[in-house]
Every structure is written in C-alpha cells, then in structure tokens.
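Each chain, letter by letter, is given below.
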Amino acid sequence: MVANGLPERLTRPEMSAQEAFAAFIGGWQLVLWTTFHPDGSRDHPFGTDALGQIMYSADGHMSCHLMQANRPLFGKPSVYQVSDEALGGSIRGYSGYFGRFSIDAEAGIIIHHVDGAWYPDWIGSDQPRHYAFEGDRLFLEAAIGDDLVRIEWRRVVTGAAREMSGA
C-alpha cells in the first residue's frame, strides 16, 4: 500500500503498441473486481462471485459486461412486462458497454471509446484504463474519484475455438 491507503499502481508493460494490441485480442472472463479506498479498505461492487466478460476484436472493437451472480429472475417472458421499479433494482447489478478501443503503449493505457452503454452518461465518453499482463491474466485499473478500481481478467479460449484453430 502507498501512503494514502491505495495499492501501488500497475506497472506499465514494456510492450510496443503492436505487441499490446495483439495481447488484448480475444475473450477474457472476470476473475475479480476490486475497489480500493484511500482509508485502506476495499470492496467488490458485485461480490466476489460476480460474472463478467470483456472482448477485444482485431478490427478495433470491444465489449464489456459485468453482473452480480444469481440476480433474481422476473418470471416474465419480456422485459416490457416488468415494472420499472423491479427493473431498476436489477439493473443496479449489471454494467455493460461497447465501442472501439485504442492503445497508448507509452503510457500503458487502453482507451475504451464508448458508443453504447447501459449507463447513458458514458455514451460518447473515453474510458482510459491502465493495463498490465501476467501470464493468462489481464489487469485493468482506473481512478474513480479518490478510489482505485482494479479488475482482473483471465484469458479464455473455448473448446470450439481450440478445435477450429488446430491448437
């Protein structure tokens, strides 16, 4: 921990922009989403069993989805048959956005250029994230106010993809 109670920031990887771009491409599953606070405490906004996936495509697009595990079902065939109150409570346990991405390898930052999002205020915004890689893990972090948010992802290659690629 540093003096203000937050952990050390991620160390910028020694990678060119092309190397970093290639390292991001593919699908990643959520391992852990942690928010660190200046008083030294931490929490996991959607719990330690949260589910998530982030995807980076070779044509420069990305998509990110996070959610609480075991959200209650509505028992309705359509979202339009659910009350706004019930839907609002459920949506607090979900976060998602999509768009394009670019990389500033000199700074060790990936920028998510948001084209669409569950939270409308993010649409049209740039969401910079410091990044680091460790084996099959990707770490993304961002300062949000006085807090530091760090999300750990694990690279996932499906069995079907392995078969198709001959790996």
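Numbering of residues begins from 1 in every chain and follows the order in which that chain's sequence is written. pLDDT decides what is reported in this predicted model: residues at 70 or higher carry local features, side-chain atom pairs at 80 or more are listed and counted, and totals for whole chains, interfaces and linings draw on all residues regardless. Processing note: side-chain calculations cover all non-hydrogen atoms of the structure and skip hydrogens and water entirely.

What to know about the packing of aromatic side chains
Counted only if it meets this: By convention, a stacked pair of Phe, Tyr or Trp rings (six-membered ring in the case of Trp) has centres within 6.5 Å and planes under 30 degrees apart, an edge-to-face pair has planes over 60 apart, and any other such pair is tilted. Between buried and exposed lies partly exposed: a residue is buried under 20% and exposed over 50% of the maximum accessible area for its type, with that area taken using a 1.4 Å probe on protein chains only.
According to the stated counting rule, one finds twelve aromatic pairs in the structure shown. When the ring of Trp 118 is compared with that of Tyr 119, the centres are 5.7 Å apart and the planes differ by 45°; the resulting orientation is tilted. Owing to a relative accessible area of 33%, Trp 118 belongs among the partly exposed residues under this scheme. Judged by relative accessible area, Tyr 119 falls into the partly exposed class, the value being 35%. Three or more aromatic residues link up through ring pairs in this structure, and these residues are Phe 21, Phe 24, Trp 28, Tyr 56, Phe 101, Tyr 131 and Phe 133.

Comments concerning the pairing of strand β1 (residues 26-36)
So the rule is basically this: A pair of strands is labelled paired if DSSP reports no fewer than 2 bridges between them. We count a stretch as a helix when DSSP gives it H or I for four or more residues in a row; a strand needs E for two or more, and each element gets its number in order from the N terminus.
Looking at chain direction, β1 and strand β3 (residues 51-56) are connected through four bridges and run antiparallel. The residue bridging Gly 27 from the neighbouring strand is Met 55, located in β3. Inspection of the sheet shows β1 paired to strand β9 (residues 147-156) by nine bridges, in the antiparallel sense. Counted as the bridge partner of Gly 27 is Val 156 from β9. Strand direction decides the pairing type here: β1 and strand β2 (residues 42-43), joined by two bridges, are antiparallel. When the sheet's bridge partners are listed, Phe 36 is paired in β2 with Arg 42. Hairpin geometry of β1 and β2 is characterised by an intervening segment of five residues between the two adjacent antiparallel strands and by a positive phi of about 95° at Gly 40.

Looking at the pattern of salt bridges
Quick note on the threshold: Each reported salt bridge corresponds to a side-chain nitrogen of Lys or Arg within 4 Å of a carboxyl oxygen of Asp or Glu.
As enumerated under the stated definition, the model contains six salt bridges in all. Among the salt bridges present, the one from Asp 136 reaches Arg 137, with a minimum N-O distance of 3.2 Å. Exposure remark for Arg 137: the relative accessible area of 24% places this residue in the partly exposed category.

Quick word on unusual backbone geometry
If you check the backbone angles, Asn 70 has positive phi at about 60° while not being a glycine. Mapped onto the elements of the fold, Asn 70 is located in the loop between β4 (61-67) and α2 (84-91). On the basis of relative accessible area, Asn 70 is assigned to the exposed category, the value being 70%.

A short note on the nonpolar core
For the record, the criterion: Working definition of a nonpolar core: buried Ala, Val, Leu, Ile, Met, Phe, Trp, Tyr and Cys residues. They are joined through side-chain atoms within 4.5 Å. We call two residues in contact whenever any of their non-hydrogen atoms come within 4.5 Å of each other.
Judged by nonpolar contacts, the single largest core of 24 residues is most densely connected at Tyr 56, Tyr 131, Leu 140 and Trp 153. Contributions of two or more residues to this core are made by α1 (17-24), β1, β3, β4, β5 (94-104), β6 (109-117), β8 (137-144) and β9. When neighbours within four sequence positions are excluded, Tyr 56 is seen to be in contact with Phe 24, Ile 25, Gly 26, Trp 28, His 61, Met 62, Phe 101, Ile 110, His 112, Leu 138 and Leu 140.

Considerations on the side chain of Ser 90
Position of Ser 90 relative to the elements: it lies in helix α2. Overall, the relative accessible area of 16% leaves Ser 90 in the buried class. Those residues in contact with Ser 90 that sit more than four places away from it in its chain are Arg 71 and Phe 74.

Concerning α1
The periodicity of an α-helix, 3.6 residues per turn, causes residues three or four positions apart to be oriented the same way. Our working definition: This arc corresponds to the set of directions leading from the helix axis out to the C-beta atoms.
Within α1, burial applies to Ala 20, Ala 23 and Phe 24. Down the axis of α1, the buried side of the element spans an arc of 95°, and every buried residue falls inside it. For α1, the exposed residues set more than 90 degrees away from the buried face come down to Gln 18 and Ala 22. Gly 26 occupies a position one or two residues after α1 and carries a positive phi of about 130°.

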